[in-house]
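Each chain, written out:
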Amino acid sequence: MTEQTTWSQRFESALHPAIAHFNASIGFDIELIEYDLTGSVAHAKMLAHTGIISSEEGEQLVAGLEQIRQEYRDGKFNPGIEAEDVHFAVERRLTEIAGDVGKKLHTARSRNDQVGTDTRLYLRAQISQIRIQLREFQGVLLNIAETNVETLIPGYTHLQRAQPLSLAHHLLAYFEMLQRDWERLGEIVQRVNTSPLGCGALAGTTFPIDRHYTASLLEFAGVYRNSLDGVSDRDFAIEFLCAASLILVHLSRLSEEIILWASQEFGFVTLKDTCSTGSSIMPQKKNPDVPELVRGKTGRVFGHLQAMLVLMKGLPLAYNKDLQEDKEALFDTVKTVQGCLEAMTILLREGMEFKNERLAQAVDEDFSNATDVADYLASKGVPFREAYNLVGKVVKTCLKSDKLLKDLSLEEWKELHPAFEPDIYQAIAPTQVVAARNSYGGTGFDQVRQALQEARARIGSQ
């Protein structure tokens, strides 16, 4: 292998240098080296376990592979373009270490099932890390929410003031989104955790291998039942990219709100210097870099999902070289999601503060309590639709006179409808408006406290 410049005796000349460069994947699939070594150790042990090679040869292979692992970690193993891919790079170095025994490692194995195994081992580990990060982010959201149960924030529909909310309730909405992300990844990893090792190039092998033995060594939950499917399946990668896209959707929605909240027009949060930058020309500026970058990187992940779908849609069975293109999309998505989660966690934990006085002012300067006036009348026996129309007229009148509902005198209320009593002022006070919405899942303070307890229990027990 170290001397051969052609693939086999079938070939008479080596690749054109430009084609060799175009064909090579070592520049990015080196990311898989630890997983390739782990999969190869399991394969070597299986070859010895089944008697395909001797136990001594198996031990030599394992020792050589572990030596390569240490060399890589020490920065002494840096294969270049001549290796083509990480799999050949490892096998070539193994042959240098173990001699002809190293050439036996590829017995009963193809690069097709090898790369499929490596990719699944890689993605399984990365999903585990992302789920840990999701939990950490959820914990930060809960910490902020628990100290802001009775802090009010305007709630919006159509980006118009709708009804006031508990700030904790608002943050818990993102907790729930992230909970679905965490659960979704848990479901996907079950399908990632299936071994294709032993499927060969496409049809299995004539050697008496034990696929369940290698699956057990690698802690896979099972093996692919069909060799064609095993080497050509990338459903698990597409599912992960879908889940990653949804994670970024949720982070991007929160990012957009933080960007709005940090603007002078809203003024709901202050960004700290540790998580924002200034302008090169306007000295007064403080820019929300983190949420803007997250919002921008979301499209990048969406693009990888689209690319993977297009990549797979026309491939005949089984393996095709096109599948080399799955890795950069997968690697970049993993790094992007992990980076965005880390940055947003830092931003919320230590990079911004809610401005409670401004929030209190914001919920007291609009007509977001109009629904509560209609509810007040309905509780007095007035049909809701009649009450709804009446309150619409009240708001119209107030706008003409530059008043808010709280500014109307009791006489003015009674002129509108005799059912109004002095308790109308309490009913439309922002704190009461929020507290009264105590239906399950609502923004009422009692409901929010209960939701916080349940949320703590959920992340503590999973």
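Residues numbered from 1 in each chain as written. Predicted model: local features only at pLDDT ≥ 70, side-chain atom pairs only at ≥ 80, totals over all residues. Heavy atoms only, no water.

K.L.:
Help me out: how do you make sense of the layout of surface pockets in this one?
P.N.:
In this approach the atoms are scanned with a rolling probe the size of a water molecule, which exposes any empty space left behind. Space inside the second largest pocket adds up to approximately 440 Å³. As for the second largest pocket, its lining consists of 20 residues, of which Y156, L165, H170, Y174 and E257 are closest to the centre. Of all the secondary-structure elements, those providing two or more residues to the lining of the second largest pocket are β1 (152-157), β2 (160-166), α7 (167-192) and α10 (235-262). Grouping the constituent residues of the lining of the second largest pocket by class yields 12 nonpolar, five polar and three charged. (1 Å grid on protein atoms, 1.4 Å probe; cavity = no way out; pocket = protein on both sides within 12 Å on 5 of 7 lines; lining within 4 Å. Points joined across faces, edges and corners; volume = space filled by probe spheres on them. Helix = DSSP H or I, 4+ residues; strand = E, 2+ residues; numbered from the N terminus. Nonpolar A, V, L, I, M, F, W, Y, C, P; charged D, E, K, R; others polar.)

K.L.:
So what exactly am I meant to see when it comes to the pattern of salt bridges here?
P.N.:
A side chain with one charge may pair with a side chain of the opposite charge, provided their charged atoms come close. Inspection of every chain in the model, using the stated rule, returns 36 salt bridges. A salt bridge links K321 to E84, with the nearest nitrogen and oxygen atoms 3.7 Å apart. With a gap of 237 residues between them, K321 in the loop between α11 (289-312) and α12 (326-350) and E84 in the loop between α4 (55-73) and α5 (86-98) connect regions that are remote in the sequence. Residue class for E84 comes out buried when judged on its relative accessible area of 11%. For R111, the salt bridge is made with D85, and the minimal N-O distance between the two is 2.1 Å. Taken as a pair, R111 in helix α6 (residues 111-146) and D85 in the loop between α4 and α5 lie far apart in primary sequence, 26 residues in all. (Salt bridge = Lys/Arg side-chain N within 4 Å of Asp/Glu carboxyl O. Buried < 20%, exposed > 50% of the residue type's maximum accessible area, 1.4 Å probe, protein only.)

K.L.:
Explanation requested: the pairing of β1 in the structure shown.
P.N.:
Looking down a regular strand, the side chains alternate between one sheet face and the other. Of the pairings in the sheet, the one linking β1 to β2 comprises five bridges and is antiparallel in character. Pairing of I153 across the sheet is with L165, part of β2. Between β1 and β2, which pair antiparallel in sequence order, lie two residues; one of them, H158, sits at a positive phi of approximately 60 degrees. (Pairing = 2+ DSSP bridges.)

K.L.:
Can you walk me through the packing of aromatic side chains in this structure?
P.N.:
Two numbers describe a pair of aromatic rings. These are the distance of the centres and the angle of the planes. Applying the stated criterion to the full structure yields eight aromatic pairs. When the centroid spacing of 5.0 Å and the interplanar angle of 70 degrees are considered together, the rings of Y122 and F331 count as edge-to-face. Highlighted residues: Y122 in helix α6 and F331 in helix α12, separated in sequence by 209 residues. Look at F331 and you get buried, because its relative accessible area is 6%. Here the aromatic rings of Y156 and F266 are separated by 5.9 Å at their centres, their planes lie at 50 degrees, and the arrangement is tilted. (Phe/Tyr/Trp six-rings, centres within 6.5 Å; stacked < 30°, edge-to-face > 60°.)

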